[in-house]
Amino acid sequence: MELERLYDIAEKENIDIINFKMKNKAIIGCFNNNYTIGLNYVDISNSSEEKTILAEELGHYYCNALYNSKYSNEEISKKEFRATKWAFKTLVPYSKLKELNNKGFTYYYEVAEELGVTEDLIEKAYKYYKAN
C-alpha cells in the first residue's frame, strides 16, 4: 500500500491530519467525536517512516486503541500492540512476506525497502506471523 492511500483512508474516515510539533513523532486524538492525527514532520526522516507512523496511528483509530496518560503501562502496551498489528497487517500482509521470501528477500532491510516501510515494522510482522 502506498503512502497516499493511507492519507486517502484518513480523508475517507474524516480524520484530519495536521503538522504538530511535539516530543513524539505522532499522536491521535478525539475531540467532540472528531479524530485528528498530529504528525511531527520535522522529526520524520523519510517516506517509509511516515508511512509506518501514519499506519500505526490509523491502527489506533480502527482498533479503538486510544489512551491517555491515566492508563497503566500494561494497558498502553496492549493498545500500542493492537495499533501496530493493524499497521503491519495492512502494510505487510503475510501473503506478501511469503511471496518476497520466495523471491529471495531474506533480510529485514530488503523487505522494508521493497514495501516502503521501516525495518522495525518488518521485524514485528515476522515475529507475529511466526508466532501465529
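Everything discussed here concerns the structure shown above.
The structure displayed is predicted, hence computed values, not measured ones. (Residues numbered from 1 in each chain as written. Predicted model: local features only at pLDDT ≥ 70, side-chain atom pairs only at ≥ 80, totals over all residues. Heavy atoms only, no water.)

Caption draft 1: Here's a closer look at the state of the cysteines. Summed over all chains, the structure comprises 0 disulfides. A disulfide-free cysteine, cysteine 63 has its sulfur positioned 15 Å from the sulfur of cysteine 30, the nearest such atom. For cysteine 63, a relative accessible area of 22% translates into the label partly exposed. (Disulfide = S-S within 2.5 Å. Buried < 20%, exposed > 50% of the residue type's maximum accessible area, 1.4 Å probe, protein only.)

Caption draft 2: Up close: the sheet that holds strand β2 (residues 26–31). The strand order across the open sheet built from 3 strands is β1-β3-β2, with neighbouring strands paired in mixed fashion. With partners counted over all chains shown, the strands left at the sheet margins are β1 (16–19) and β2, one partner each. Sheet twist, expressed as the mean angle between neighbouring strand axes with direction ignored, is 25 degrees. Bridge count for β1 against strand β3 (residues 34–39) is 4 bridges, and the pairing is parallel. (Pairing = 2+ DSSP bridges. Helix = DSSP H or I, 4+ residues; strand = E, 2+ residues; numbered from the N terminus. Axes fitted to C-alpha atoms, helices over the stretch in contact; angles between N-to-C directions.)

Caption draft 3: Summary view of the environment of alanine 131. Its place among the elements puts alanine 131 in helix α6 (residues 119–131). Distance from alanine 131 to leucine 39, taken between C-alpha atoms, is 32 Å for residues 92 residues apart in sequence.

Caption draft 4: Quick peek at the pattern of salt bridges. One pass over the structure, following the stated rule, counts 7 salt bridges. When the shortest N-O distance is used, the salt bridge between glutamate 123 and lysine 127 registers 3.0 Å. Of this pair, glutamate 123 and lysine 127 both sit in helix α6, 4 residues apart, roughly one helical turn. Each of Lys96, Glu99 and Lys103 takes part in a single network of salt bridges with overlapping partners. (Salt bridge = Lys/Arg side-chain N within 4 Å of Asp/Glu carboxyl O.)

Caption draft 5: Region of the structure containing the packing of helix α4 (residues 94–102) against α6. At their nearest, the axes of α4 and α6 sit 11 Å apart, and the two run at 100 degrees to each other. In terms of axis orientation, α4 runs roughly perpendicular to α6. Across the interface between the two elements, Tyr94, Leu97 and Asn101 of α4 pack against Ala125, Tyr126 and Tyr129 of α6. Considering only residue class, the contact of α4 with α6 consists of 5 nonpolar, 1 polar and no charged. (Parallel < 35°, antiparallel > 145°, perpendicular 65-115°, else oblique. Contact = heavy atoms within 4.5 Å. Nonpolar A, V, L, I, M, F, W, Y, C, P; charged D, E, K, R; others polar.)

Caption draft 6: Geometry of helix α3 (residues 73–91). With 19 residues, α3 extends 26 Å from end C-alpha to end C-alpha; this agrees with the ideal 27 Å at 1.5 Å per step. Buried residues in α3 make contact with α1 (3–12), α2 (47–62), α5 (108–115) and α6. (Expected span 1.5 Å × (residues − 1).)

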